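Descriptive analysis of the structure
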2 protein chains.
Amino acid sequence: MKTLNVNLGDKRSYPIHIGSDLLDGSDLLSPFLSKQVMIVSNTTVAPLYIDRVKSQLGERIVNTIILPDGEAYKTMDSAMQVFDTLLANQYSRNATLIALGGGVIGDLAGFAAACYQRGLPFIQVPTTLLAQVDSSVGGKTAVNHPRGKNMIGAFHQPRYVLIDTSVLKTLPDRELYAGIAEIIKYGLIRDLPFFEWLEANMERLLQRDEEALAYAVERSCINKAEVVGEDELETGVRAALNLGHTFGHAIETAMGYGVCLHGEAVAIGICQAADLSRRLGWLGDADVARIIKLIERARLPTTPPQTVDTDAFIEHMAVDKKNIDGNLRLVLLKRIGEATLPIPVDSALLKATLDWYGRGP
Amino acid sequence: MKTLNVNLGDKRSYPIHIGSDLLDGSDLLSPFLSKQVMIVSNTTVAPLYIDRVKSQLGERIVNTIILPDGEAYKTMDSAMQVFDTLLANQYSRNATLIALGGGVIGDLAGFAAACYQRGLPFIQVPTTLLAQVDSSVGGKTAVNHPRGKNMIGAFHQPRYVLIDTSVLKTLPDRELYAGIAEIIKYGLIRDLPFFEWLEANMERLLQRDEEALAYAVERSCINKAEVVGEDELETGVRAALNLGHTFGHAIETAMGYGVCLHGEAVAIGICQAADLSRRLGWLGDADVARIIKLIERARLPTTPPQTVDTDAFIEHMAVDKKNIDGNLRLVLLKRIGEATLPIPVDSALLKATLDWYGRGP
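Only a predicted model underlies this, so the values are computations on that prediction, with no experimental measurement involved. (Residues numbered from 1 in each chain as written. Chains lettered and ligands numbered in written order. Predicted model: local features only at pLDDT ≥ 70, side-chain atom pairs only at ≥ 80, totals over all residues. Heavy atoms only, no water.)

**Examining the overall build of chain A**
Within chain A, the secondary structure is distributed over 12 helices and 13 strands. The C-alpha atoms of chain A give 20 Å as radius of gyration, which agrees with the globular expectation for 361 residues (21 Å, within 12%). By its C-alpha atoms, chain A is 60 × 40 × 40 Å across when sized along the principal axes. When burial is assessed residue by residue, chain A has 63% of its 361 residues classed as buried. Split by element, the accessible area of chain A, about 12800 Å² in all, is 49% carbon and sulfur. Averaged over its 36 positive side-chain charges, chain A has a centre that lies 3 Å from the centre of its 43 negative ones. (Helix = DSSP H or I, 4+ residues; strand = E, 2+ residues; numbered from the N terminus. Rg over C-alpha atoms; globule rule 2.2 N^0.38 Å. Buried < 20%, exposed > 50% of the residue type's maximum accessible area, 1.4 Å probe, protein only. Areas by Shrake-Rupley, 256 points an atom, 1.4 Å probe, with all protein chains shown as cover. Lys, Arg positive; Asp, Glu negative; His and termini not counted. Charge placed at Lys NZ, Arg CZ, Asp CG, Glu CD.)

**Digging into the sheet that holds strand β1 (residues 2–6) of chain B**
All names here are of chain B. Pairing is mixed in the open sheet, where 7 strands are placed in the order β1-β2-β9-β6-β5-β3-β4. Either end of the sheet is taken by a strand with one partner, and the two such strands are β1 and β4 (61–67). Strand-to-strand twist in this sheet, taken as the mean axis angle between neighbours without regard to direction, amounts to 15°. Pairing analysis gives 4 bridges linking strand β3 (residues 36–42) to strand β5 (residues 96–101), with the strands arranged parallel. Note that in β5 the partner of Ile39 across the bridge is Ile98. Packing of helix α1 (residues 46–54) onto the sheet brings it into contact with β3, β4 and β5, and relative to β3 it is tilted by some 165°. Sheet strands touched by helix α3 (residues 103–115): β3, β4, β5 and β6 (122–126). Its angle to β5, the strand with the most contacts, is close to 165°. (Pairing = 2+ DSSP bridges. Axes fitted to C-alpha atoms, helices over the stretch in contact; angles between N-to-C directions. Contact = heavy atoms within 4.5 Å.)

**Let's talk about the nonpolar core**
Residues Ile16, Leu129, Ile184, Leu188, Leu205, Phe247 and Ile291 of chain B are the most contacted members of the largest nonpolar core, which totals 76 residues. Not counting residues within four places of it along the chain, the set of residues in contact with Phe247 of chain B comprises Gly269, Gln272, Ala273, Leu276, Phe313, Met317, Leu330, Leu350 and Leu354 of chain B. Judged by nonpolar contacts, the second largest core, of 75 residues, contains Ala216, Val266, Leu276 and Leu330 of chain A. (Core = buried A, V, L, I, M, F, W, Y, C linked by side-chain atoms within 4.5 Å.)

**Section: the UniProt feature "binding site: Zn(2+)" (unreviewed entry) in chain A**
Residue and element names in this part refer to chain A. Within the UniProt annotation, "binding site: Zn(2+)" (unreviewed entry) is assigned to Glu182, His245 and His262. These annotated residues cover 81 residues of sequence, and their C-alpha atoms all fall within 10.1 Å of one another, placing them together at a single site. If you trace the backbone, Glu182 turns up in helix α5 (residues 173–190). In this structure the side chain of Glu182 is engaged in a polar contact, spanning 3.0 Å, whose partner is the side chain of His245. Tracing the backbone shows His245 in helix α8 (residues 245–255). Those residues in contact with His245 that sit more than four places away from it in its chain are Glu182, Lys185, His262 and Val266. (UniProt positions renumbered as here; feature names shortened; annotations may be inferred. Polar contact = N/O pair within 3.5 Å; in protein donor to acceptor, adjacent residues only side chain to side chain.)

**Examining the domain arrangement of chain A**
How big an interface is tends to be expressed through the accessible area that disappears when the partners come together. Residues and elements named next belong to chain A. Here chain A is described as being made up of domain 1 (2–169) and domain 2 (173–357). Taken over C-alpha atoms, the centre of domain 1 sits 25 Å from the centre of domain 2. At the interface, 35 residues of domain 1 touch 38 residues of domain 2. If you sort the residues of domain 1 by the area they bury against domain 2, Leu129, Val133 and Lys149 come out on top, with a joint share of 20%. (Domains from an automatic or database assignment. Buried area = accessible area lost by both parts, 1.4 Å probe.)

**Comments concerning the interface of chain B and chain A**
Between chain B and chain A, the contact holds 41 residues from the first and 41 residues from the second. Taken over both partners, the interface formed by chain B and chain A buries close to 3700 Å², and the fraction arising from carbon and sulfur atoms is 55%. On the chain B side of the contact with chain A, Leu87, Arg118 and Asp325 of chain B bury the most area, a combined 22% of that side's loss. At the boundary of chain B and chain A, one finds 2 salt bridges. At the junction of chain B with chain A, the criterion picks out 14 residue pairs in polar contact (both at pLDDT 80 or more). Those elements that place two or more of their residues in the side of chain B that touches chain A are α2 (76–88), α3, β7 (140–145) and β8 (148–155) of chain B. A per-class count over the side of chain B that touches chain A returns 17 nonpolar, 13 polar and 11 charged. (Salt bridge = Lys/Arg side-chain N within 4 Å of Asp/Glu carboxyl O. Nonpolar A, V, L, I, M, F, W, Y, C, P; charged D, E, K, R; others polar.)

**Describing the relation of the copies chain B and chain A**
For the pair chain B and chain A, the superposition axis carries a translation of 0.0 Å, the fit reaches an RMSD of 0.0 Å, and the rotation angle comes to 180°. The superposition operator between the copies reduces to a two-fold rotation axis. Mapped onto chain A, 100% of the interface residues of chain B are again interface residues, and the two copies thus contact each other with one and the same surface. (Least-squares fit on C-alpha atoms with pLDDT ≥ 70 in both.)

**Comments concerning the packing of aromatic side chains**
Inspection of the entire model under this criterion finds 10 aromatic pairs over all chains. Measuring from centroid to centroid gives 6.4 Å for Phe247 of chain B and Phe313 of chain B, while their planes differ by 70°, and the two rings are edge-to-face. You can see Phe247 of chain B sitting in helix α8 (residues 245–255) and its partner Phe313 of chain B sitting in helix α11 (residues 310–317), a full 66 residues away along the chain. Residue Phe247 of chain B is classed as buried on the basis of its relative accessible area of 1%. Among the aromatic residues, those joined into a cluster by ring pairs are Phe194, Trp197 and Tyr215 of chain A. Taking the ring centre of Phe155 of chain A as reference, the NZ or CZ of Arg118 of chain B above it sits at 5.9 Å. (Phe/Tyr/Trp six-rings, centres within 6.5 Å; stacked < 30°, edge-to-face > 60°. Lys NZ or Arg CZ within 6 Å of the ring centre and 35° of its normal.)

**Here we look at unusual backbone geometry**
Not every positive phi belongs to a glycine, and Arg208 of chain A is a case in point at roughly 60°. Looking at the secondary structure, you find Arg208 of chain A in the loop between α6 (192–206) and α7 (210–230). Phi is positive for Asn150 of chain B, close to 55°, though the residue is something other than glycine. For Asn150 of chain B, a relative accessible area of 8% gives the class buried.

**Here we look at the UniProt feature "domain: 3-dehydroquinate synthase C-terminal" (unreviewed entry) in chain A**
Listed under "domain: 3-dehydroquinate synthase C-terminal" (unreviewed entry) in the UniProt record, and renumbered for this structure, are residues 179–323 of chain A. End-to-end, the C-alpha atoms of residues 179–323 of chain A are 26 Å apart, and along that stretch the chain is 68% helix and 0% strand.

**Observations regarding the sheet that holds strand β5 (residues 96–101) of chain A**
Residues and elements named next belong to chain A. If you trace the 7 strands from one edge of the open sheet to the other, you get β1-β2-β9-β6-β5-β3-β4, paired in mixed fashion. A single partner strand is all that each edge strand has here, and the edge strands are β1 (2–6) and β4 (61–67). Shown here is a sheet whose adjacent strand axes are inclined to one another by a mean of 15°, direction ignored. Direction of pairing for β1 relative to strand β2 (residues 14–19): antiparallel, over a ladder of 5 bridges. Looking at the pairing, Lys2 lines up with Ile18 of β2. Running over the sheet, helix α1 (residues 46–54) touches β3 (36–42), β4 and β5 and is turned about 165° from β3. In this fold α7 packs onto β1, β2 and β9 (160–164), with an angle of close to 20° to the strand it touches most, β1.

**Notes on the packing of helix α9 (residues 262–279) of chain B against helix α12 (residues 347–357) of chain B**
All names here are of chain B. The N-to-C vectors of α9 and α12 enclose an angle of 130°; their axes lie 9 Å apart at closest approach. The pairing of α9 with α12 is recorded here as oblique in orientation. Relative to α12, α9 is oriented so that their crossing is right-handed. The segment α9 lies against α12, with Cys271, Gln272, Asp275, Leu276 and Arg279 engaging Leu349, Leu350, Ala352, Thr353, Leu354, Trp356 and Tyr357. Of the residues that constitute the contact of α9 with α12, the class distribution is 8 nonpolar, 2 polar and 2 charged. (Parallel < 35°, antiparallel > 145°, perpendicular 65-115°, else oblique. Left-handed = near helix turned anticlockwise from the far one by under 90°.)

See the structure below:
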């Protein structure tokens, strides 16, 4: 087992434990828990893992909320279900909420934890690759609004992140690939050696080589923890973690949440951001080709569905958390391994990228 | 005009400006505003004051959300209306939200500001006495849940509080009295000289003597700002501000939000807390009588409606933000001018107080 630390000062720093079979028999959760514990999970993950988590909780009062699986359920209605259950069981402000699932469960449960009685302690137990390498770390919580992804949320840091890499064995292929999109992102924005490692080891990841997966998870978490420690509330460098996300969120919103997985949308968005970076003269054709090739090797899509045309992108990108005064700003690439801060982009260049991608196969 | 300061360190301290006719012609709001501004108000306050606020905003993009008046609308549905409108108008994360109204509008708009894109700047322009002396200062925001008052919320400090005491001229009598309940609270929990001043000046407040009202608002805000500066997130002394509120919230929830005004419920709750403090030997009979007399002079109720019986209190007090592991804790009085921290209370004593109040007139 390896332990990383998200450094947020005396009171709010927290550990990320990464290892195999951590859900079995370990007593890692115990010190963090209050008498009242609520586990939030979904219909896919709960049958596989919830009993293992419960077995660590001893004599505590444990209740569970099992939501349907999928991005379509990352809504205020689901958050209200969590509030209803907490109140029906008279949970106090010192109760602990455990998010057991992928990014949807982590974001949603984290948001509910942020708002219930103005803030409960919560613990992330991510069970998808995407959640393990990205969404479970850093305290961004949210639900979606029909007009925009993650538009209602809060910064609320977990007390603890428990990453059991063994659970990746049961992950569907498509979810595995989606997670790799965020892993590639770290290489692109700030870690060229990691990007090169991914070029050399992509097949091992796809074959679920345990050592390779554990390394990719750890290296991703190191990158994430560093960035979050530097800029918790995203007033600066943290925005780089959004590479490809403004395009990606537009795809997810336009198609309806859950049609395209978040990681798939981000993969497409990264290709679009790379293309725009090329039009600005920062990346060469060979750089863009190299990025697209790695994404393709991860079995991820590299072009948006034709139903999401230039107008749809423009409409949905108009609400993005990086925008200022309603004006679009994007994270782009200066080179492979270095991202820009969010910057305003010439609308003709943006349109050129969107049109190019919308030209059809 | 007087200016107080809520001291929360370099980045988050903010001013409270108190004066008459501040909404007219002053340029106090200007420096705090972004290009996009959203004013949240209600159907009672907006016709009276929204144009004055708008006239200060110059060439900015201003939209308004006018909600129905009353505690019954401090709901997640109302918050969703705010999110819908912000998104429909493509508001960015740097937009400013102005809460123009009483405690309901301030709490609700503040909560929406806390959660929209994970946090917008917002400004409090309180228009009721209760909001001016209490709820607009300190960053507690929330909506109600059918099972409990303020159960869903966030700590989110305003950038600025603008208190125009002239607006109190249009306040209905019942709202004036309700505000006085929170004013009396400050005297009871930490400011004996202020309690004595209230005993000497209650008639002036009821007659809306401008000087007396301005003094009461200022002295209340001084008390509130000191407590919040010491303990922003209510891990300690801030809980004293909840004197009477656990009883009061139970009354509000049991009766249905808005039947009893918050200040009225708090007035009753203070009497119940005083009675329980007497049973614990901290207050004498004369102290309790003195408290009840001042509350009666403020035209406030001192006993709960008979429909809210002991069982109803016990049920609704079981969810309170001061509880730990589901066990009730209450703020009580050591003497007039000094509150306890939240403490567990012997259930027989609590029942004695509740039964005594439930015995009928």
